[in-house]
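Listed here are the chains, written in short residue letters.
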Amino acid sequence: MAAAAENLRTEEIQLNMGPQHPSTHGVYRALLTLDGEKVVGVENIIGYLHRGIEKLAEDRTYTQVIPYTDRLDYLAGMLNNLGYVQTVEKLLGLEVPERAEYLRVIMAELSRLASHMVMVASMALDLSGWTAWFPPFRERERILDLFEMTCGSRLTVSYMRIGGVAADIPSGFLPALESFLNDLPRMIAEMNGLITGNEIFKARCQGVGKIDLETALAYGITGPNLRACGLPFDLRKARPYGIYDRFDFDIPTLNNGDSYDRFVIRLLEMEQSARIIRQAMEQLPDGPVQAKVPRVLKLPRGEVYHQIEGAKGILGFYLVSDGGSKPYRLHIHSPSFVNLGALPRISVGGTIQDFVVNIASIDIVLGEVDR
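Attention in this report is confined to the structure presented alongside it.

Observations regarding the overall build of the protein chain
Alright, step 1. The number of helices and strands found in the protein chain is 16 helices and eight strands.
Alright, step 2. Compactness check: the protein chain gives a C-alpha radius of gyration of 22 Å against a globular reference of 21 Å for 371 residues, within 12% of the reference.
Alright, step 3. Of all 371 residues assigned to the protein chain, the portion counted as buried reaches 55%.
Alright, step 4. A separation of at least 24 residues holds for 72% of the contacts in the protein chain among residues at least 6 apart in sequence.
Alright, step 5. For the protein chain, the exposed area adds up to about 15300 Å²; of that, 53% sits on carbon and sulfur atoms.
Alright, step 6. The centroid of the 38 positive side-chain charges in the protein chain is displaced by 5 Å from the centroid of its 45 negative side-chain charges.

Here's the deal with helix α7 (residues 173-196)
Alright, step 1. Over its 24 residues, α7 runs 32 Å from end to end, which matches the ideal 34 Å to within 8%, given 1.5 Å per residue.
Alright, step 2. At aspartate 183, α7 shows its strongest bend, of approximately 30 degrees, with the proline proline 185 following within four residues.
Alright, step 3. Residues of α7 that are buried include every one of Phe173, Leu177, Phe180, Leu181, Leu184, Met187, Ile188, Met191, Ile195 and Thr196, and no others.
Alright, step 4. Where α7 is buried, its residues touch α5 (98-126), α6 (130-151), α8 (199-205) and α12 (259-283).

A look at the sheet that holds strand β3 (residues 38-45)
Alright, step 1. Spatially, the three strands line up as an open sheet ordered β1-β2-β3, and their pairing is antiparallel. The open sheet has two edge strands, β1 (13-17) and β3, and neither has a second partner. Looking at each pair of strands side by side, their axes are set apart by 25 degrees on average, direction ignored.
Alright, step 2. With five bridges connecting them, β1 and strand β2 (residues 29-35) associate as antiparallel partners. The residue bridging asparagine 16 from the neighbouring strand is leucine 31, located in β2.
Alright, step 3. Together, β1, β2 and β3 form the strand contacts of helix α15 (residues 352-362), whose direction differs from that of β1 by roughly 35 degrees.

Topic: the pattern of salt bridges
Alright, step 1. Per the stated rule, a full pass over the model turns up 29 salt bridges.
Alright, step 2. Here glutamate 109 makes a salt bridge to arginine 236, at a shortest N to O gap of 3.0 Å. Placement of glutamate 109 in helix α5 and of arginine 236 in helix α11 (residues 235-238) is noted, with a sequence separation of 127 residues between them.
Alright, step 3. On the basis of relative accessibility, which here comes to 0%, the residue glutamate 109 falls in the buried class.
Alright, step 4. Relative accessible area serves as the criterion here: at 5%, arginine 236 is assigned to the buried category.
Alright, step 5. Of the charged contacts, one joins lysine 312 and aspartate 363 as a salt bridge, the two residues approaching to 3.9 Å between their closest N and O atoms.

Quick look at the sheet that holds strand β6 (residues 302-309)
Alright, step 1. Strand order in this open sheet of three strands is β6-β7-β8, and the pairing throughout is antiparallel. Both outer strands of the open sheet, β6 and β8 (329-333), are each paired with one neighbouring strand and no more. Pairs of neighbouring strands in the sheet enclose a mean axial angle of 10 degrees, with direction left out of account.
Alright, step 2. Summarising the sheet, β6 and strand β7 (residues 314-321) pair through eight bridges and their orientation is antiparallel.

Considerations on the packing of aromatic side chains
Two aromatic rings are characterised by how far apart their centres lie and by the angle between their planes.
Alright, step 1. In this structure the tally under the stated criterion is eight aromatic pairs.
Alright, step 2. Between tyrosine 84 and phenylalanine 317, the ring centres sit 6.1 Å apart and the planes meet at 65 degrees, which makes this aromatic pair edge-to-face. With tyrosine 84 in helix α4 (residues 77-92) and phenylalanine 317 in strand β7, the pair connects residues that are 233 residues apart, well separated along the chain. Both residues of the pair, tyrosine 84 and phenylalanine 317, belong to the buried class.
Alright, step 3. For the cation-ring pair, arginine 329 lies above tyrosine 328, with the distance from its terminal atom to the ring centre recorded as 4.6 Å.
Alright, step 4. Stacked on the ring of phenylalanine 337, the Lys or Arg arginine 371 has its end atom at 5.2 Å from the ring centre.

Procedures and definitions
- Residues numbered from 1 in each chain as written.
- Predicted model: local features only at pLDDT ≥ 70, side-chain atom pairs only at ≥ 80, totals over all residues.
- Heavy atoms only, no water.
- Helix = DSSP H or I, 4+ residues; strand = E, 2+ residues; numbered from the N terminus.
- Rg over C-alpha atoms; globule rule 2.2 N^0.38 Å.
- Buried < 20%, exposed > 50% of the residue type's maximum accessible area, 1.4 Å probe, protein only.
- Contact = heavy atoms within 4.5 Å.
- Areas by Shrake-Rupley, 256 points an atom, 1.4 Å probe, with all protein chains shown as cover.
- Lys, Arg positive; Asp, Glu negative; His and termini not counted.
- Charge placed at Lys NZ, Arg CZ, Asp CG, Glu CD.
- Expected span 1.5 Å × (residues − 1).
- Bend = angle between axes of the 7 residues up to and from the residue.
- Pairing = 2+ DSSP bridges.
- Axes fitted to C-alpha atoms, helices over the stretch in contact; angles between N-to-C directions.
- Salt bridge = Lys/Arg side-chain N within 4 Å of Asp/Glu carboxyl O.
- Phe/Tyr/Trp six-rings, centres within 6.5 Å; stacked < 30°, edge-to-face > 60°.
- Lys NZ or Arg CZ within 6 Å of the ring centre and 35° of its normal.

Following this line, the structure appears as structure tokens:
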């Protein structure tokens with residue numbers, strides 16, 4: 001028997017997953033070390049999509065940087081816009097008109113919804129759930145229609161402006177938004193029926209890629225992935241920015257910290273984003289949507305750091321001004337980059353199939369990783 005066991009012994013091999021693999025969600029490469037089907041090592045290899053946004057910003061005016069932020073998390077462009085313009089406004093000490101503040105919240109939460117819908121759909125698809133892929137994308141198209149109605153673009157929106165927003169909403173926007181919000185609970189119920197309660201999905205995800213709260217904090221994980229570990233930390237509540245302190249909403253949490261909880265937490269957060277949007281619609285005041293800002297904007301000398309609750313975690317912008325019309329330095333704290341760092345930790349000990357589940361559940365976007 002001992003001789004037979006020796007003959008069946010396998011050697012470790014290395015397998016490249018990506019950068020072309022569909023489950024890697026962009027040009028990301030994972031170098032897996034395998035003992036049979038078991039993952040015994042993971043090396044993150046990034047840089048295939050390097051955008052150079054932080055360096056490009058040094059040769060662009062403060063306003064010209066805005067379109068580059070859309071290319072970070074391109075599934076949540078409005079949130080990237082918001083974080084950047086609020087950083088500039090913080091150093092300027094600029095006050096934004098009330099109506100613009102409410103429009104920013106509406107657009108930011110719609111962007112969060114759109115991002116979560118892509119995560120839910122793509123994770124289902126990664127686990128061969130073709131049918132479940134359609135409902136979230138169907139509803140996301142309606143969000144993109146709202147963006148297009150307002151600013152003429154669907155993905156790279158460039159809607160936020162330093163001092164407000166690019167344009168007011170058109171007359172048909174609020175009725176279309178109301179219709180979307182009325183239909184959203186049906187979509188969430190549809191996803192819960194198709195996926196959340198599906199026994200195959202549960203078997204593939206529950207207990208897979210589990211990470212405890214202490215380890216998550218040590219890795220700097222934020223956003224839905226952290227809240228799936230049980231910590232109710234959300235910058236919109238903990239350190240409100242803009243006018244988020246005016247809205248009543250909850251911070252959903254789950255306690256297992258596994259791939260299943262990271263999926264479910266997105267569905268729960270969709271409901272809270274809808275609550276915020278409804279309140280913003282009810283409170284929406286009349287008035288201008290843009291403060292008076294010089295055509296050639298020069299910031300005072302100094303440095304500032306500002307962070308918001310992005311779709312995937314804490315999104316931060318560190319800006320240094322030398323008194324000119326362009327950033328002297330810009331550094332972006334991107335949640336996808338930070339969350340990706342924990343992928344080897346949650347994947348070692350599982351199988352190749354589990355790795356696909358894990359990378360889908362942490363919800364990375366490579367434009368934000370290779371900023």
